[in-house]
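# Secondary and tertiary structure notes
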Amino acid sequence: MSGFRMMPLIFLLMVNLPLLSQSSFIQGESGQQTPEASNDMSRIAAPVDCLPEGHKSTDVVSYREKRKSGDGYITIGDKLVELKARCKEGKLVDGKGREIRFFKFACYGNPPSDYEELRQKELEELEKLQKKYCVIVMECDPRIS
């Protein structure tokens, strides 16, 4: 009879074991990424350390649904994996070695009267950034408009 009581506990351990081992794989004892880790989570573990203040790997970049899994939106973490991002000398860089910067357009529920001017300035600033850096553009939440 005691064997039946242990079944739910064993089941929970079996289900959660991959998650527990994955988190230890990502950081390792020294806090460094271990070479054995090769899944998507491990590829974004190191770049997350270099994210600029105010940004998290779970922040939404695009409000279009993910293609593969269909659950949720595209996040900074997803983009970093796509760009093969890593930390280099304390900076976030893409697979080609270009520094990654983030850009977010001003989002308005009701645009101000000088919206066109503001938008033009933002576009010019984005264009300048794109000449020198790999830029991740953060979309506005479409539910605001």
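Please refer to the structure placed before this passage.
## Here's the deal with the overall build of the chain
Each helix and strand counted, the chain has four helices and six strands in total. The secondary structure elements of the chain, listed N-terminal to C-terminal, are α-α-β-β-α-β-β-β-α-β. When contacts within the chain are restricted to residue pairs at least 6 apart in sequence, those whose partners lie at least 24 apart make up 46%. As displayed, the chain offers around 10900 Å² of accessible surface, 55% of which is attributable to carbon and sulfur atoms.

## Some remarks on the side chain of Asp 141
As for its position among the elements, Asp 141 is in the segment after β6 (134-138). In this structure the side chain of Asp 141 is engaged in a polar contact, spanning 2.6 Å, whose partner is the side chain of Arg 143.

## Quick notes on the nonpolar core
By size, the foremost hydrophobic cluster in this structure holds 12 residues: Cys 50, Leu 51, Val 61, Ile 76, Leu 80, Ala 85, Leu 92, Ile 100, Phe 102, Cys 134, Ile 136 and Met 138. Listed by contribution, the elements that provide at least two residues to this core are α3 (76-82), β5 (100-104) and β6. Ranked by residues supplied to this core, first place goes to β6 with three residues. Every residue in contact with Cys 50, bar those within four places of it in the chain, is listed here: Cys 87, Gly 90, Lys 91 and Leu 92. Core analysis: the next-biggest nonpolar cluster, separate from the first, contains six residues, Leu 126, Leu 129, Tyr 133 and Val 135 among them.

Conventions and cut-offs
Residues numbered from 1 in each chain as written. Predicted model: local features only at pLDDT ≥ 70, side-chain atom pairs only at ≥ 80, totals over all residues. Heavy atoms only, no water. Helix = DSSP H or I, 4+ residues; strand = E, 2+ residues; numbered from the N terminus. Contact = heavy atoms within 4.5 Å. Areas by Shrake-Rupley, 256 points an atom, 1.4 Å probe, with all protein chains shown as cover. Polar contact = N/O pair within 3.5 Å; in protein donor to acceptor, adjacent residues only side chain to side chain. Core = buried A, V, L, I, M, F, W, Y, C linked by side-chain atoms within 4.5 Å. Buried < 20%, exposed > 50% of the residue type's maximum accessible area, 1.4 Å probe, protein only.

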